[in-house]
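Remarks on the overall topology
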Amino acid sequence: MIAIDFKMSVFMAAARHLNFTKAAQDLNISQPAVSKNIHELEIQTGRNLFERNGNRLVLSETGQLLFNYAQQLQGIYDQLNENLDILDGRTAGELRLGASTTISHYIIPEILADFHTQFPSIKIKTLHGNSKQVEEWLQQKEIDLGIVEGLSDNASMKYEEFLKDELVLVTRHGNPLVANNNPVNAELLKEVDFVLREQGSGTNEVIRKALMKIGIGMHELHVKVVLASTESIKNFLLTTNCFSFLSIHAITKELKNEELQIVELNDFEIERYFFFVHPQGVIGRLPENFRRFAMKKRP
């Protein structure tokens, strides 16, 4: 494998975290080693790469310029190594992924198909469950990389942003409770019936935190039914006047076919990110290559 210059790797880690201690943890080196390599780069460029803004570390103008070029350079090295592996027939093995349900059904199938087309000798194994289950699979070493719907407070896990998502309030098209398409007040949420995912769902945690910001507790929702998957929730909504919060990525077909409709809420929206998750430390080359591939192919 052809690697980027070590000093540049140290600088990129420090630039991503804006924290020398976290950069050292990422690279499994000491903090003085991080400082030493950054100092050597600053001597080479003749300029400071970082500046202090109060208690915060920020990139200088030179540091930002170097970081932009370093990212481009890293991408070139990654592409070179992937192509060398293909030439030598070394791109093989088993990719073990775990994904929460929304992601496994609506986000990654096309990405996995493209990955398989480019690397047909790699066997792909996927498990899907809620975010808590994905973390457990990682801890038990049943999978190498997870993709989940929310962050947890598990310090043994490292999270990296993958894709921005929006959770929208959804009901069946033509529900008389929202006869027109005008935005409604968030107080409606305490008056209608809901169908939601099971306990442990990353989606539920995101909903809870968003509601808390506008003074509504999760316990104030009239949750009439709890179901195990987004598909089952969508099917339930089609024949009832219940409501749910679902990923915008999960209802594309139903919106197009006018089976479901989005209910706009005044001064309330739920945005989140899907995250890659893996145990702290360096992950294997195959899951790391897939992570980079997925970042390029994300919708």
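Residues numbered from 1 in each chain as written. Predicted model: local features only at pLDDT ≥ 70, side-chain atom pairs only at ≥ 80, totals over all residues. Heavy atoms only, no water.

A word on the overall build of the chain
As a reminder, the rule being used: Secondary structure counts use DSSP, requiring at least four H or I residues in a row for a helix and at least two E residues in a row for a strand, with both numbered from the N terminus. Each residue's exposure class comes from its accessible area (1.4 Å probe, protein chains only) as a fraction of the maximum for that residue type: buried when under 20%, exposed when over 50%, partly exposed otherwise. Two residues form a contact once any of their heavy atoms are found within 4.5 Å. All accessible-area figures derive from a Shrake-Rupley calculation using a 1.4 Å probe, and residue coverage is judged against the displayed protein chains alone.
A tally of regular secondary structure across the chain gives 11 helices and 11 strands. If you line up the chain on its principal axes, its C-alpha atoms span 70 × 50 × 35 Å. Residue burial in the chain is summarised as follows: out of 299 residues, 45% are buried. Within the chain, residue pairs in contact and separated by at least 24 positions form 74% of the contacts whose partners lie at least 6 positions apart. On the chain, roughly 16000 Å² of surface is accessible, and the fraction owed to carbon and sulfur atoms is 49%.

Remarks on unusual backbone geometry
A positive phi angle is found at Lys-141, which is not glycine, with a value near 60 degrees. Tracing the chain through its elements places Lys-141 in the loop between α7 (131-139) and β5 (145-148). Phi is positive for Glu-258, which is not a glycine, with a value near 55 degrees. Here Glu-258 is to be found in the loop between α10 (252-256) and β10 (260-262). Given a relative accessible area of 53%, Glu-258 falls into the exposed group.

Topic: the side chain of Glu-254
With respect to the element layout, Glu-254 can be found in helix α10. Overall, the relative accessible area of 6% leaves Glu-254 in the buried class. In contact with Glu-254, not counting residues within four places along its chain, are Lys-234, Glu-259 and Leu-260.

Focus: the layout of surface pockets
As a reminder of what qualifies: Of the two site types, the cavity is a set of points on a 1 Å grid over the protein atoms alone where a 1.4 Å probe fits but cannot get out, and the pocket is an open set with protein on both sides within 12 Å along at least five of seven lines, each lined by residues with an atom within 4 Å of a point. Grid points are joined across faces, edges and corners, and a volume is the space filled by probe spheres set on the points.
In this model, the largest pocket occupies a volume close to 1600 Å³. Around the largest pocket, the lining is made up of 41 residues, and of these Arg-16, Glu-160, Glu-288, Arg-291 and Arg-292 lie nearest the centre. Counting only elements with at least two residues in the lining of the largest pocket, the list comes to α1 (6-17), α2 (20-27), α4 (61-88), β6 (157-172) and α11 (285-297). No other element matches the eight residues that α4 contributes to the lining of the largest pocket.

Section: the packing of aromatic side chains
Selection criterion: Pairing of aromatic side chains requires ring centres within 6.5 Å, counting the rings of Phe and Tyr and the six-membered ring of Trp. Pairs whose planes differ by under 30 degrees are stacked, by over 60 edge-to-face, and all others tilted.
The tally for this structure, following the rule as stated, stands at 12 aromatic pairs. Ring pairing ties together the aromatic residues Phe-11, Phe-20, Phe-50 and Phe-67, which thus form one cluster.

A word on helix α3 (residues 31-45)
Using the following cut-off: Here the expected length of a helix is defined as 1.5 Å per residue gap, with one fewer gap than residues.
Given a rise of 1.5 Å per residue, 15 residues ought to cover 21 Å, and the 21 Å separating the end C-alpha atoms of α3 matches this to within 8%. Once α3 ends, the next one or two residues include Gly-46, with phi positive near 75 degrees.

A few points about the packing of α1 against α3
Threshold: Every axis corresponds to a line fitted to the C-alpha atoms, with the helix fit spanning only the stretch in contact, and the corresponding angles, defined between N-to-C directions, vary from 0 to 180 degrees. Any angle from 65 to 115 degrees is called roughly perpendicular, while one under 35 is roughly parallel, one over 145 is roughly antiparallel, and all others are oblique. Side-chain classes follow a simple rule in which Ala, Val, Leu, Ile, Met, Phe, Trp, Tyr, Cys and Pro form the nonpolar group, Asp, Glu, Lys and Arg form the charged group, and the remainder, Gly included, forms the polar group.
Remark: α1 packs on α3, axes separated minimally by 9 Å, with the N-to-C direction vectors making an angle of 110 degrees. It follows that α1 is roughly perpendicular to α3 by the angle criterion. Contact with α1, carried on its side by Phe-6, Lys-7, Met-8, Val-10, Phe-11 and Ala-14, involves Val-34, Asn-37, Ile-38, Glu-40, Leu-41 and Gln-44 of α3 and no other residues of that element. A breakdown of the residues in the contact of α1 with α3 according to their chemical character gives eight nonpolar, two polar and two charged.

Thoughts on the pattern of salt bridges
Here is the rule: In the sections that follow, a salt bridge refers to a side-chain nitrogen of Lys or Arg positioned within 4 Å of a carboxyl oxygen of Asp or Glu.
Throughout the structure, instances matching the rule amount to 16 salt bridges. Across the pair Glu-40 and Lys-36 runs a salt bridge, and its minimum N-O distance is 2.7 Å. Here Glu-40 and its partner Lys-36 are both found in helix α3, four residues apart, which amounts to about one turn of the helix. Residue Arg-291 is joined to Glu-288 by a salt bridge in which the shortest nitrogen-to-oxygen separation is 2.8 Å. Of the two residues, Arg-291 and Glu-288 both sit in helix α11, three residues apart, roughly one turn of that helix. Across the pair, exposure class does not vary: Arg-291 and Glu-288 are buried alike. By sharing partners, the salt bridges in this structure join Glu-160, Glu-288, Arg-291 and Arg-292 into a single network.

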